[in-house]
Amino acid sequence: MRLLTHNFLQSNVKGTEKGYPLGIERGAELSVESSPVNRNLVLKMLNKVDYSALVSITNNLREERQEDIPELPPSLPETLEEETIANYHKVLFDVQLVNGFLVCPDTGRKFPVKDGIPNMILHEDEI
Amino acid sequence: NNNNPPWWDNSRQVCEAIRSQLHVYDTSGKGIELYISNKKKTSNRTTHFCHVGMRSPEDARALMAGLQGKILTWKQPCDWNDTSTCTTEQQQQQQQQQPTIQSDKLFLDYAAVTKRSEAKATAKATGEDLVKGEKSRSECTSVTKHVVVPGLVLITDFITPQEEQVLLAALTGPTAPWAPSQTNFSNSGAVKRRVQHYGYVFDYETANVNRDRSQPGSDCPPMPGMPPSDMSSLEAYTETCTAEGRGWELMAGIAERTRRTTFEIQAKDDDEEEQQGQSTITKQFPKLNQITVNVYEPGEGIGSHVDTPSAFDDGLISVSLNGGVVMEFRRQQQQQDDEKIKKLVYLPPRSLLLMSGPARFEWEHMIVTRMTDTHEGVVLHRSRRVSMTLRTAIDLSGEPMPCVSSTRFPPVWGTVGQSATDALVTPSMEREHVHAVYDAIATQWHHTRGKRGVLWPGATQFLKELPEGSIVADVGCGDGKYFPAIWEAGSYVIGSDISLPLLQQATHAHQQDAASQPDSRRVSEHRQHLQKKPAVLVADCMNVPLRSKSCDAAICIAVMHHLSTRDRRIRCISELGRIVKVGGLINIQAWAMEQQEKSKRKFAGTDVFVPFNAQPKYLEAAKNTAIATGMHPDPGKSTAQLYSEEYNADYDEQKGLVVFKRYCHMYRTGELEELVQEVDTVELYESGYESGNHFVILRVVT
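This write-up is about the structure you can find in this document. Quantities reported herein were computed from a predicted structural model and do not represent experimental measurements.

1. Describing the overall build of chain B
The secondary structure content of chain B amounts to 18 helices and 32 strands. The 702 residues of chain B split such that 37% are buried. For chain B, restricting intrachain contacts to residue pairs at least 6 apart in sequence, the fraction spanning at least 24 positions comes to 74%.

2. Side note on the pairing of strand E21 (residues 385-391) of chain B
Regular strands place side chains that alternate from one sheet face to the opposite one. All names here are of chain B. With 7 of 7 residues buried, E21 lies mostly within the body of the structure. Side chains Arg385, Ser387, Thr389 and Arg391 of E21 all project onto a buried face; the interleaved residues Val386, Met388 and Leu390 project onto the opposite face, where all are buried too. Two strands pair when backbone bridges link them, and strand E12 (residues 290-296) and E21 are joined in this way by 7 bridges, in the antiparallel orientation. Paired with Thr292 across the strands is Thr389, a residue of E21. The sheet contact formed by strand E14 (residues 316-321) and E21 spans 5 bridges and is antiparallel. Directly across from Leu321, in E21, lies its bridge partner Val386.

3. Some points on the interface of chain B and chain A
Contact residues are listed per partner, giving 24 residues for chain B and 28 residues for chain A. Listed by contribution, the elements that provide at least two residues to the side of chain B that touches chain A are strand E24 (492-497), helix H13 (500-516), helix H14 (525-532) and strand E25 (535-538) of chain B. For the side of chain B that touches chain A, the element with the most residues is E25 of chain B, which contributes 4 residues. When its residues are assigned to classes, the side of chain B that touches chain A shows 14 nonpolar, 6 polar and 4 charged.

4. Let's talk about the nonpolar core
Residues and elements named next belong to chain B. Val472, Cys551, Ala554, Cys556, Leu576 and Ile586 are the most contacted members of the largest nonpolar core, which has 166 residues in total. Broken down by element, the residue count for this core peaks at 7 residues, all from helix H10 (residues 428-448). Ignoring any residue separated from it by four or fewer positions in sequence, one finds Cys556 in contact with Val475, Gly476, Cys572, Leu576 and Ile588. If you look at the next biggest cluster of nonpolar residues, it comprises 6 residues, including Leu34, Ala60, Tyr110 and Met371.

5. Observations regarding the sheet that holds strand E18 (residues 363-367) of chain B
Residue and element names in this part refer to chain B. Strand order in the open sheet made by the 4 strands is E13-E18-E15-E16, with antiparallel pairing throughout. At either margin of the open sheet sits one strand with a lone partner, and together these are strand E13 (302-305) and strand E16 (342-347). With direction set aside, neighbouring strand axes in the sheet form an average angle of 20°. Note that strand E15 (residues 325-331) and E18 share 4 bridges and pair antiparallel. Along E18, the bridge assignment pairs Arg330 with Glu364.

6. Some thoughts on the sheet that holds strand E30 (residues 657-665) of chain B
Residues and elements named next belong to chain B. The strand order E28-E30-E29 describes an open sheet built from 3 strands, whose pairing is antiparallel. The outermost strands of the open sheet, each flanked by one partner alone, are strand E28 (607-614) and strand E29 (650-652). Neighbour-to-neighbour, the strand axes of the sheet open up by a mean angle of 35°, direction not taken into account. Pairing between E29 and E30: 3 bridges, direction antiparallel.

7. Considering the packing of helix H5 (residues 161-172) of chain B against helix H8 (residues 247-260) of chain B
Residues and elements named next belong to chain B. Here H5 crosses H8 at 120°, and the two axes come no closer than 8 Å. Relative to H8, H5 is oriented oblique. In this structure, the crossing between H5 and H8 has a hand that is left-handed. Here H5 contributes Glu163, Val166, Leu167, Ala169, Ala170 and Leu171 to the contact with H8, which in turn contributes Gly247, Trp248, Leu250 and Met251. For the contact of H5 with H8, the class distribution of residues is 8 nonpolar, 1 polar and 1 charged.

8. Structural notes on helix H11 (residues 457-464) of chain B
All names here are of chain B. Regarding H11, the residues found buried are Ala459, Phe462 and Leu463. Taken down its axis, H11 places every buried residue within 95° of arc, on the same side. Opposite the buried face of H11, at more than 90 degrees from it, the exposed residues are Pro457, Gln461 and Lys464. At its buried positions, H11 is contacted by helix H12 (483-488), strand E26 (551-557), strand E27 (580-591) and strand E32 (693-700).

9. Looking at unusual backbone geometry
All names here are of chain A. Backbone torsion omega between Tyr20 and Pro21 reads -10°, so that peptide bond is classified as cis. Structurally, Pro21 can be placed in the loop between helix H1 (3-6) and strand E1 (23-24). Although it is not a glycine, Asp115 sits at a positive phi angle of roughly 50°. Within the secondary structure, Asp115 sits in the loop between strand E4 (110-114) and strand E5 (117-118).

10. Looking at the environment of Lys30 of chain B
Checked against the element boundaries, Lys30 of chain B lands in the loop between helix H1 (11-22) and strand E1 (33-42). For Lys30 of chain B and Met54 of chain B, which are 24 residues apart along the polypeptide, the C-alpha to C-alpha distance reads 9.4 Å.

11. Section: helix H4 (residues 82-94) of chain A
The first and last C-alpha atoms of H4 of chain A sit 17 Å apart over 13 residues, in line with the 18 Å expected at 1.5 Å per residue. What H4 of chain A keeps buried is the set Asn87, Tyr88, His89, Lys90, Val91, Leu92, Phe93 and Asp94 of chain A. As for H4 of chain A, its buried residues are in contact with H1, strand E2 (29-32), helix H2 (39-48), helix H3 (51-65) and strand E3 (95-103) of chain A together with H14 of chain B.

12. A closer look at the packing of helix H7 (residues 234-244) of chain B against H8 of chain B
Relative placement of two packed helices is described by the angle separating their axes and the distance separating the axes. Residue and element names in this part refer to chain B. Put simply, H7 and H8 touch, their axes get as near as 9 Å, and they point 150° apart. Taken together, the axes of H7 and H8 lie roughly antiparallel to each other. The handedness of the crossing between H7 and H8 is left-handed. Only Glu249, Leu250, Gly253, Glu256 and Arg257 of H8 make contact with H7, whose side of the interface consists of Leu234, Tyr237, Thr238, Cys241 and Thr242. When the residues that make up the contact of H7 with H8 are grouped by side-chain class, the tally is 4 nonpolar, 3 polar and 3 charged.

What counts as what
- Residues numbered from 1 in each chain as written.
- Chains lettered and ligands numbered in written order.
- Predicted model: local features only at pLDDT ≥ 70, side-chain atom pairs only at ≥ 80, totals over all residues.
- Helix = DSSP H or I, 4+ residues; strand = E, 2+ residues; numbered from the N terminus.
- Buried ≥ 20, exposed ≤ 12 C-beta atoms within 10 Å, placed from the backbone.
- Contact = placed C-beta atoms within 7 Å.
- Pairing = 2+ DSSP bridges.
- Nonpolar A, V, L, I, M, F, W, Y, C, P; charged D, E, K, R; others polar.
- Core = buried A, V, L, I, M, F, W, Y, C linked by C-beta atoms within 7 Å.
- Axes fitted to C-alpha atoms, helices over the stretch in contact; angles between N-to-C directions.
- Parallel < 35°, antiparallel > 145°, perpendicular 65-115°, else oblique.
- Left-handed = near helix turned anticlockwise from the far one by under 90°.
- Arc of directions from axis to C-beta.
- Expected span 1.5 Å × (residues − 1).

This is the structure we're talking about:
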């Protein structure tokens, strides 16, 4: 699961106020592959994402994988260097959560991610 | 002859003689079973019955087809003696001397060996090789022509074949509200067949009607009710319901038609003189407030009884659907005589039978458990009969109880549908007949449907027209067949589905496509990367795990027709409206009740099971995955066993297919639009019909 996808996910567990953004539990299996940069798409996606959530999850992951994951500016710069665009591309498209858990910020409910597919199904007492 | 009894008095020899002519119908190789019983009927004449046990219904039918009405001649069999064969001259001579016997015109009838007699046979253990058959001799209805049951009225073609189809779809289809409290009776043995009460529950243990609907075990669906505005145009109402496949509403119309029917009843008793019997009286039963639906599979019947007089008023009405049956009537009080007065009445499908006056209070009625009936000399094989019994439940003072009815479908009663979150809990119907089915058939589904890439042109066009770089939610994406169209349009798709196996197909498929694309046809490397790892989530469309107002557009294709209640359909639309930005578009497509002339699909009702024929080779893989992941409860079971038992599927032995039953709700024209009106966040932008599907395009307004 890409961090781009992660940026759109929220927890709907009963009792959550926002359920967003979801944390990624420490020790998760990540994969970071290089892929060609689609400049156009990156720029468009940056307008769609919740920027602070993107920065905070990137910073969290950097605690474990500093060498693979670039640092992002705390707020979206007005003009973007090519290198910064490449960094955004890497964070949005190349960093993938393979196995691990997503964590609801309000309730602590963990959603398992297996082979890149998160399971967001709620139990009957959670709806 | 020679002072010896003739050979045909020896049951064993008769058995052998008959066996020699019938064994050709045995395809099992296990041999047939014969049982001769001597039944004394009158003092000077003995009637012999021969029960023939075939190993399969197919053999039994073949035998009946081959020998019905024939006259057979039997010779003394050769191997009549245990120790010798017919080689000696003496025996050959003896054989020639012994005359042959000839049968009458054969009358053959058959019954399935019931569970009870099977149990009996097992109890008898190994010593006996003969199973006594069920009582199966059916008499002909024409024999009882002279018997008149006063108060009995049969109206043929009370409903039309079209109405019958729509009613059957509703009564035996997925939304038939067979209350669990009543299925329990079949477990306790009080009632073997499938029964559902409407209005008031009839309790078979106490043989009375439960008048307080709030008591546990007394809650049952209300009577189907008609909107008051349609009461003045009943026929137009039933016609519309039939055309639109609305079974519940049609049932209300048929009940009302029954209430309005004026019955002409022969008032004479059979003791009276013929000429006196000209007097007919007319009656109506406007207070009918209870319906009992029974499903009689071939071979099932009902014991002789009079409906509890203190529970139901005069006027018992039975409408037969799908299959006909011969009903037997006997005078309740009569002398203990073998020649009981008995009337056999054939109830054809679509007929209405009224029992009134003496027929209701003084005559018992029953249905014999057997596979065939004989009507005017013709043997009729029974098929499933669905009967709708309409009665008037009365209170302790004998006054009709109020008619508890509802125009709402599916009907709501008891604690069902009371709280707001109920819509969010997956009903067992969807769990068993949608989710479990797709999990099981995911591989084949993808191979035979998704892979071929049959897309609705309207949906593809919708995706094409979205601005480049849109975030598109594909809610209920299945194996992701619309993903390529979204990537093609330069957008990013997040797919969600409740079935993990289908999502795995989506992931696997696009990975393969990405790898196998020839260089010349290569899409950008970037797109290839997206394709390798499509964004998919396991999620329920009742609770889409995407943040509000985050997506530019959403599609929901072929999903809504798997939602089994109106509240859930509305919830699905409101979830789509929540996740999409203001101004964004939503495309919803669902199966239409109205199918095109050339379509092989025809739906009898709005709520139906649509079969999916699964090939075991695909299921095998699913089963192995289940074992490997520890999800499989019992690896020892065969694939067919597993799926027929645990997934409520049928097994077609001949074709070797497991037939899954997928629940589907077919949308009528205008139904999606009507649901959309219930959701404040969206407005209707466009709607239409495309190749058997209705679609709506919505714009998010808040």
